[in-house]
Amino acid sequence: MSETQTQNTQQAQAGLQDLIASNSSICYIDGPNCHLVYRGYQIEDLAQHSHFEEVVYLLLFGKMPNQKELQQFSNELASDRTVPDSVLKLLKAFPKKAHPMAVLRTMISILSFYDKEDNSVAYEENFKKAMSIIAKAGTIIAAWDRIRQGKKPIAPDPKLTYAEDFLRMVLGKKPDELYAKSLDLYLILLADHEFNASTFACRVTGSTLSDYYSAITSAVGVLKGPLHGGANEQVIKMIMEIGDKDKVQDYIEKALANKKKIMGFGHRVYKVKDPRSPILKDMAREVSEKKEDLKIFRMSEQIESLLAERYKNLPPNVDFYSASLLYNIGIPTDLFTPIFVMSRLAGWSAHYLEQISDNRLIRPRANYTGLSNLVYTPIQQR
Ligand code: ACO
């Protein structure tokens, strides 16, 4: 028998591009027409009229709440924000240099120790876990940011909205109304996005009937990558590295000549426009004007124009203007991706619950491109 190259008849699509992996009733994307829909509602409508707590309800329950339902849900979510003291003590033991995304990934996993039903795959139990983790993520991120600076964490205030309270716990003072509104908008826009890489990871873990905490921990690890959620932090790093509006053109030209990817541009599904980007751009401009500091925003616009001149299919994605927005409301750069988690936890949780309520193990196949028919030779003869 001679050595041969084996190839399956079915070819793989690199990066699973355009592959339909499952049915889902949570989120709809029409890439060519730039539409994004949560549970039947257009993202533009939600951005204009809704707020984060309502969107979380919509994603988890699959319908809009009435006044009473929303009030009760928001109260439950707010009362779940408190993190046990023993958990805060653990945070204090972490190395101060630890990246907040690594801290959050670890803490979500650790919170399973405090849940008597941590391994349960019962829908109601997992719904409770989802509420708890969505509520606590902001408290953990804010506490870590203060602890690493040697400051005391600030306890959550259930009278405030999720966005207001998070900003207060990070900044140490009552947040400006526009800044809180802009963070709320950001949280709405990023709450779900169909079968993106992190959501798919969450569903794959869920499909093994592993627990909610494991599924969410997988998702956080995937979101951290700079080709996915980690891009928002890289955008601001790039702008800081450029330093000045007069250096933008040269930097971008050189980066493109060296085949470097420009962070915050391009998308697997949106080749014309990411519908979230113009909404974030308008809010980023508003926030910069209020702050009377348009430097980062103007440099962002310059980068956008330069790329638009060169490429037809490389629009700014959701991470591009969110970087300028979060920076200008005073959020430390390395909290950008953890804040993305705060929002996407709603989507991940909805997808986890959908996966386990009609589960089949996710287990694709590979197109084998290696060798076959090799003959084993003892090591002394190699
Ligand atoms: N800058 C420069 N060129 C780019 C960029 C970019 N940001 N994105 C894509 N391209 C180029 C690629 O080099 C490739 O060129 P080629 O055909 O000459 O080789 C072409 O456009 C197609 O790009 P792919 O990487 O094949 O597109 P894919 O769909 O696989 O990747 C991705 C999408 C990962 C988002 C990519 O555009 C990218 O790396 N962007 C930068 C990172 C980023 O902003 N990620 C956040 C995405 S949004 C989110 O996850 C929340």
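1. A word on the domain arrangement of the chain
Consideration 1: With domains assigned, the chain is organised as domain 1 (27-224 + 333-357) and domain 2 (231-328).
Consideration 2: Listed by partner, the interface residues are 27 residues for domain 1 and 25 residues for domain 2.
Consideration 3: Of the roughly 2,300 Å² buried at the junction of domain 1 and domain 2 (both faces included), carbon and sulfur atoms supply 72%.
Consideration 4: Inspection of the region where domain 1 meets domain 2 yields one salt bridge.

2. Comments concerning a nonpolar patch on the surface
Consideration 1: A contiguous nonpolar patch, built from Leu90, Phe113 and Tyr114 and spanning about 320 Å² of accessible area, is present on the exposed surface.
Consideration 2: On the secondary structure map, tyrosine 114 appears in the loop between α5 (100-111) and α6 (123-147).

3. Overview of the site of the ligand
Consideration 1: What surrounds the ligand is a group of 19 residues, the closest being His228, Lys261, Ile262, Gly264 and Arg268.
Consideration 2: Note that a nitrogen atom of the ligand is positioned 2.9 Å from one of the backbone N or O atoms of leucine 227.
Consideration 3: A distance of 2.8 Å separates an oxygen atom of the ligand from a polar atom in the backbone of glycine 264.
Consideration 4: Against a free-state accessible area of 910 Å², the protein chains account for coverage of 66% of the ligand.
Consideration 5: Class assignment of the residues belonging to the shell around the ligand gives a composition of nine nonpolar, five polar and five charged.

4. Things to note about the side chain of aspartate 319
Consideration 1: Mapped onto the elements of the fold, aspartate 319 is located in helix α15 (residues 318-328).
Consideration 2: The side chain of aspartate 319 sits in the buried core without any salt bridge; arginine 276 is the nearest counter-charge, 7.6 Å away.
Consideration 3: Excluding anything up to four places from it in sequence, aspartate 319 contacts His228, Gly229, Ala231, Asn232, Val235 and Phe340.

5. Some details on unusual backbone geometry
Consideration 1: With phi around 55°, leucine 16 is a residue other than glycine that occupies positive phi space.
Consideration 2: The topology assignment puts leucine 16 in the loop between β1 (4-5) and β2 (27-30).
Consideration 3: The phi torsion at arginine 39 lies on the positive side, around 45°, for a residue other than glycine.
Consideration 4: Tracing the backbone through its elements, the reader meets arginine 39 in the loop between β3 (35-38) and β4 (41-42).

6. Focus: the side chain of serine 120
Consideration 1: Position of serine 120 among the secondary structure elements: in the loop between α5 and α6.
Consideration 2: Under the relative-accessibility criterion, serine 120 is labelled buried at 14%.
Consideration 3: The contacts of serine 120, once residues within four sequence positions are left out, are Glu125, Asn126 and Lys129.

7. A word on the packing of aromatic side chains
Consideration 1: Per the stated rule, a full pass over the model turns up 12 aromatic pairs.
Consideration 2: For the pair phenylalanine 52 and tyrosine 162, a centre-to-centre distance of 5.5 Å together with 25° between the ring planes defines the contact as stacked. In this pair, phenylalanine 52 sits in helix α2 (residues 52-61) while tyrosine 162 sits in helix α7 (residues 162-171), placing the two residues 110 residues apart along the sequence.
Consideration 3: Judged by relative accessible area, phenylalanine 52 falls into the buried class, the value being 1%.
Consideration 4: One aromatic cluster is present, formed by Tyr57, Phe61, Phe73 and Phe127 through successive ring pairs.
Consideration 5: For the cation-ring pair, arginine 382 lies above tyrosine 376, with the distance from its terminal atom to the ring centre recorded as 5.3 Å.

8. Quick word on the nonpolar core
Consideration 1: Among the nonpolar cores identified, the biggest contains 114 residues, and Tyr38, Leu183 and Ile303 are the most heavily contacted of them.
Consideration 2: Among the domains, domain 1 (27-224 + 333-357) and domain 2 (231-328) are the pair contributing at least three residues each to this core.

9. Some details on helix α8 (residues 177-189)
Consideration 1: Over its 13 residues, α8 runs 19 Å from end to end, which matches the ideal 18 Å to within 8%, given 1.5 Å per residue.
Consideration 2: Among the 13 residues of α8, 11 are classified as buried, and the element is accordingly described as predominantly covered.
Consideration 3: Every buried residue of α8 is listed here: Leu178, Tyr179, Ala180, Ser182, Leu183, Asp184, Leu185, Tyr186, Leu187, Ile188 and Leu189.
Consideration 4: The opening residue of α8, the one whose side-chain oxygen lies 2.8 Å from the backbone nitrogen of leucine 178, is aspartate 176.

Parameters and conventions
Residues numbered from 1 in each chain as written. Predicted model: local features only at pLDDT ≥ 70, side-chain atom pairs only at ≥ 80, totals over all residues. Heavy atoms only, no water. Domains from an automatic or database assignment. Contact = heavy atoms within 4.5 Å. Buried area = accessible area lost by both parts, 1.4 Å probe. Salt bridge = Lys/Arg side-chain N within 4 Å of Asp/Glu carboxyl O. Patch = residues over 30% accessible without salt bridge, like charges linked within 9 Å, V, L, I, M, F, W, Y side chains within 5 Å. Areas by Shrake-Rupley, 256 points an atom, 1.4 Å probe, with all protein chains shown as cover. Helix = DSSP H or I, 4+ residues; strand = E, 2+ residues; numbered from the N terminus. Near = heavy atom within 4 Å. Polar contact = N/O pair within 3.5 Å; in protein donor to acceptor, adjacent residues only side chain to side chain. Nonpolar A, V, L, I, M, F, W, Y, C, P; charged D, E, K, R; others polar. Buried < 20%, exposed > 50% of the residue type's maximum accessible area, 1.4 Å probe, protein only. Lys, Arg positive; Asp, Glu negative; His and termini not counted. Phe/Tyr/Trp six-rings, centres within 6.5 Å; stacked < 30°, edge-to-face > 60°. Lys NZ or Arg CZ within 6 Å of the ring centre and 35° of its normal. Core = buried A, V, L, I, M, F, W, Y, C linked by side-chain atoms within 4.5 Å. Expected span 1.5 Å × (residues − 1).

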